[in-house]
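Listed below, chain by chain, are the residues.
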Amino acid sequence: MRFLYIIYQICIGLPIFLVLTILTALTTMLGCWLGNGHFWGYYPGKLWAQLIIRVLFLPVKVEGRENLVSGRSYVFVANHQ
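Starting afresh in each chain, residues are numbered from 1 along the sequence in its written order. Per-residue local features of the predicted model are confined to residues with pLDDT of at least 70, and side-chain atom pairs are confined, for both listing and counting, to 80 or more; whole-chain, interface and lining totals are unaffected and use all residues. Only hydrogens and water are set aside; all other atoms, that is, all heavy atoms of the structure, feed into the side-chain values.

Moving on, we get to unusual backbone geometry. Its identity as a non-glycine residue notwithstanding, N36 has a phi of 60°, on the positive side. Burial classification: accessible surface area is computed with a 1.4 Å probe over protein chains only, and a residue below 20% of its type maximum counts as buried, one above 50% as exposed, and the rest as partly exposed. Note on N36: relative accessible area 53%, which makes it exposed. With phi around 55°, F57 is a residue other than glycine that occupies positive phi space. The residue F57 is located in the segment after α3 (43–55) in this model. Judged by relative accessible area, which is 58%, F57 ranks as exposed. Think of it this way: any DSSP run of H or I at least four residues long counts as a helix, any run of E at least two long counts as a strand, and we number them from the N terminus.

In structure tokens form, the structure reads like this:
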């Protein structure tokens with residue numbers, strides 16, 4: 001099963017990743033150049049990340065959400081393996 005996933009990553013995931021990355025970079029640069037850099041500097045990258053996670057079937061696990069207090073500020077740091 002792992003072998004099939006590697007083939008999928010190389011033949012399907014990698015080309016989609018490259019195209020999405022180039023389109024996101026161009027969209028961000030053009031949008032920031034035209035104006036409203038706060039929007040164009042955030043949302044295209046956010047959409048890109050969500051699409052890549054779905055295309056590569058990467059699981060996202062959120063723990064401890066019940067410990068958050070409404071109306072309070074937090075800094076979240078990802079724990080990379």
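Read on, since the account is not over.
Once that is clear, we can look at the pattern of salt bridges. If the charged atoms of two oppositely charged side chains come close together, the side chains can form a pair. A side-chain nitrogen of Lys or Arg and a carboxyl oxygen of Asp or Glu constitute a salt bridge if their distance falls within 4 Å. According to the stated counting rule, one finds 1 salt bridge in the structure shown. The salt bridge partner of E63 is K61, with a shortest N-O separation of 2.9 Å. Residues E63 and K61 agree in their burial class; the two are exposed.

Okay, the side chain of T24 next. Take T24: it is sitting in helix α1 (residues 2–34). Residue T24 is classed as buried on the basis of its relative accessible area, which comes to 17%. By the criterion applied in these results, polar contacts are pairs of N or O atoms within 3.5 Å in which, for protein atoms, one can donate a hydrogen and the other can accept it, and in which residues neighboring in sequence qualify only through two side-chain atoms. Engagement of the side chain of T24 in a polar contact is seen with the backbone oxygen of L20, the distance being 2.7 Å.

A grouping of M1, F3, L4 and I7 is seen on the molecular surface, where their side chains present a nonpolar patch of about 510 Å² in accessible area. Relative to the helices and strands, L4 is located in helix α1. Owing to a relative accessible area of 55%, L4 belongs among the exposed residues under this scheme. Two joining distances apply to patches: 9 Å for like charges and 5 Å for nonpolar side chains (Val, Leu, Ile, Met, Phe, Trp, Tyr), and every residue must have over 30% relative accessible area and no salt bridge. Every accessible area reported is derived by Shrake-Rupley at a probe size of 1.4 Å, with residue values counting cover from the shown protein chains alone.

By convention, a stacked pair of Phe, Tyr or Trp rings (six-membered ring in the case of Trp) has centres within 6.5 Å and planes under 30 degrees apart, an edge-to-face pair has planes over 60 apart, and any other such pair is tilted. Within this structure, the stated rule accounts for 7 aromatic pairs. Measuring from centroid to centroid gives 6.4 Å for Y5 and Y8, while their planes differ by 25°, and the two rings are stacked. Remark: Y8 and Y5 occur in helix α1; sequence separation between them is 3 residues, near one turn of the helix. Geometrically, the ring pair formed by Y8 and F57 is tilted, given 5.2 Å between the ring centres and 35° between the ring planes. Here F57 lies in the segment after α3 and Y8 lies in helix α1, a separation of 49 residues in the sequence.

On to α1, then. Taking 1.5 Å of rise per residue, the 33 residues of α1 would be expected to cover 48 Å, and the 44 Å separating its terminal C-alpha atoms lies within 8% of that figure. To get the bend at a given residue, fit one axis to the seven residues ending there, fit another to the seven starting there, and take the angle between those axes. Of all bends in α1, the biggest is about 45°, found at G13, and the proline P15 comes one to four residues later. Residues G13, L20, T24 and G31 constitute the buried set of α1. Note on contacts: a residue pair qualifies if any of its non-hydrogen atoms lie within 4.5 Å across the two residues. Those residues of α1 hidden inside the fold are in contact with α2 (37–40) and α3. Just past α1, the residue G35 takes up positive phi, approximately 135°. Take the number of residues in a helix, subtract one, and multiply by 1.5 Å to get its expected span.

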